[in-house]
Amino acid sequence: MTVVTFLTDFGLQDDFVGTCHGVIATIAPEARVIDVTHGIAPQAVLQGALVLRQTTRYMPVGVHLAVVDPGVGGDRRAIAVRTADGRVFVGPDNG
């Protein structure tokens, strides 16, 4: 089973998180999604990075999806990085 951790600044007031869960389930129905938080302050890239760093060690090896992006919806590239222990970090290329 693939584990996908999910961290965003989306909040829970609208359908964004649920829609993302639907997309993940469509692409990888066997995946287990763990919501780390969706309460990162809007566009607070450093806060998101710190929370991701602090929580990843407690998560299973898998895909760690983090979306905190001041330019969301723009033409920013996506980036994926695989670590030596097999973790894959995915998010916007926001520096």
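Residues numbered from 1 in each chain as written. Predicted model: local features only at pLDDT ≥ 70, side-chain atom pairs only at ≥ 80, totals over all residues. Heavy atoms only, no water.

Trainee: Residues and numbers for the nonpolar core, please.
Mentor: Core analysis: the biggest nonpolar cluster contains eight residues, these being Val4, Phe6, Val17, Ile24, Ala28, Ala31, Leu65 and Val67. The set of elements that each furnish at least two residues to this core consists of strand E1 (3-8), helix H1 (16-27) and strand E3 (63-67). Counting residues in each nonpolar core, the second largest holds five residues, with Leu7, Ile40, Leu52 and Ala66 among its members. (Core = buried A, V, L, I, M, F, W, Y, C linked by side-chain atoms within 4.5 Å. Buried < 20%, exposed > 50% of the residue type's maximum accessible area, 1.4 Å probe, protein only. Helix = DSSP H or I, 4+ residues; strand = E, 2+ residues; numbered from the N terminus.)

Trainee: Describe the environment of Thr83, naming the residues involved and giving the relevant values.
Mentor: In this fold, Thr83 is placed in the loop between strand E4 (78-82) and strand E5 (88-92). Given the relative accessible area of 27%, Thr83 is considered partly exposed. At a separation of 2.4 Å, a polar atom in the side chain of Thr83 contacts the side chain of Asp85. (Polar contact = N/O pair within 3.5 Å; in protein donor to acceptor, adjacent residues only side chain to side chain.)

Trainee: How would you explain the pattern of salt bridges if you had to name every residue and give the values?
Mentor: Per the stated rule, a full pass over the model turns up two salt bridges. Among the salt bridges present, the one from Asp93 reaches Arg77, with a minimum N-O distance of 2.4 Å. Of this pair, Asp93 sits in the segment after E5 while Arg77 sits in the loop between E3 and E4, and the two are 16 residues apart along the sequence. When its relative accessible area of 26% is taken as the criterion, Asp93 is described as partly exposed. When its relative accessible area of 58% is taken as the criterion, Arg77 is described as exposed. For Arg87, the salt bridge identified is with Asp85, shortest N-O distance 3.1 Å. Given the relative accessible area of 11%, Arg87 is considered buried. (Salt bridge = Lys/Arg side-chain N within 4 Å of Asp/Glu carboxyl O.)

Trainee: I'd love a proper account of the packing of aromatic side chains, names of residues and values included.
Mentor: Given two aromatic rings, one states the distance between the centres and the angle between the planes to describe the pair. Overall, the coordinates contain two aromatic pairs when judged by the stated rule. Geometrically, the ring pair formed by Phe6 and Phe10 is edge-to-face, given 6.5 Å between the ring centres and 80° between the ring planes. Overall, Phe6 belongs to the buried group, its relative accessible area being 1%. Through a chain of ring-to-ring contacts, the aromatic side chains of Phe6, Phe10 and Phe16 assemble into a single cluster. (Phe/Tyr/Trp six-rings, centres within 6.5 Å; stacked < 30°, edge-to-face > 60°.)

Trainee: Account for the sheet that holds E3, naming residues and giving values.
Mentor: In space, the five strands of this open sheet follow the order E2-E1-E3-E5-E4, with mixed pairing throughout. Sheet topology places strand E2 (32-37) and E4 at the edges, where each strand pairs with a single neighbour. On average, adjacent strands in this sheet sit at an angle of 20° to one another, irrespective of strand direction. The sheet contact formed by E1 and E3 spans five bridges and is parallel. Bridging from a neighbouring strand, Phe6 pairs with Leu65 of E3. Lying over the sheet, H1 contacts E1, E2 and E3, oriented at roughly 155° with respect to E1. (Pairing = 2+ DSSP bridges. Axes fitted to C-alpha atoms, helices over the stretch in contact; angles between N-to-C directions. Contact = heavy atoms within 4.5 Å.)

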